[in-house]
Amino acid sequence: MIKDIMKYEKIVSDKLNELLVKNYDAEKGYINAMKEVDDVEVKNFFKNRAEERSRFARQLRTEILTYGEIPEDSGSLKGMMHRNWMTLKATFSSNNEEAILNEALRGEKASLEEYNELLSNNNFPSRLIELLREQRNAIEAAINSVKLYEEVLS
């Protein structure tokens, strides 16, 4: 029985750690994107998204600790490569803002899929499901904002 509980806690914390790393990646990506654009509104949008992802990461770290596991403390190699690609693409693009917004949109859609996949697992406690839904809904709102900014800039 106790062994099953420990196994369950490990599974939940591993899934949350994967999500945590993705949020670190997104935060760093938005900080990078903020440096690459000139438009003040787009810069503020990226700043707000970076702060939001930092908050998500803190919340996830707290959840992981409640399961007695150690939270990851940095992003992934894949995330670093995506940020480098965004910077390179912006360097060669005639419209930095639009190119970077497109990449941000792609990243947010991937995040949304991750959250949806995790939420399809109904074995989580209700307070964790509530937290993940809240974060997912914020990402969905960010996707709609990115689309809006893209329309304004194009």
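Residues numbered from 1 in each chain as written. Predicted model: local features only at pLDDT ≥ 70, side-chain atom pairs only at ≥ 80, totals over all residues. Heavy atoms only, no water.

1. Quick look at helix H2 (residues 40-66)
Working step 1: Its 27 residues place the ends of H2 39 Å apart at the C-alpha level, agreeing with the 39 Å of an ideal helix rising 1.5 Å per residue.
Working step 2: With its phi angle positive at about 75°, glycine 68 sits one or two positions after the end of H2. (Helix = DSSP H or I, 4+ residues; strand = E, 2+ residues; numbered from the N terminus. Expected span 1.5 Å × (residues − 1).)

2. Side note on the side chain of glutamate 63
Working step 1: For glutamate 63, the position within the fold is in helix H2.
Working step 2: Beyond its immediate chain neighbours, meaning those up to four positions away, glutamate 63 contacts Leu16, Arg127, Leu128 and Leu131. (Contact = heavy atoms within 4.5 Å.)

3. Considering the pattern of salt bridges
Working step 1: Summed over the entire model, instances satisfying the criterion amount to eight salt bridges.
Working step 2: The shortest N-O distance in the salt bridge between arginine 49 and glutamate 52 comes to 3.2 Å. Taken together, the positions of arginine 49 and glutamate 52, both in helix H2 and three residues apart, correspond to about one turn of that helix. For the pair shown, arginine 49 and glutamate 52 are each scored as buried.
Working step 3: In this structure, glutamate 134 engages arginine 55 in a salt bridge whose closest nitrogen and oxygen atoms are separated by 4.0 Å. Here arginine 55 lies in helix H2 and glutamate 134 lies in helix H5 (residues 126-153), a separation of 79 residues in the sequence.
Working step 4: Using a relative accessible area of 43% as the deciding quantity, one classes glutamate 134 as partly exposed.
Working step 5: Relative accessible area serves as the criterion here: at 32%, arginine 55 is assigned to the partly exposed category. (Salt bridge = Lys/Arg side-chain N within 4 Å of Asp/Glu carboxyl O. Buried < 20%, exposed > 50% of the residue type's maximum accessible area, 1.4 Å probe, protein only.)

The values are spatial; any link to function lies outside them.
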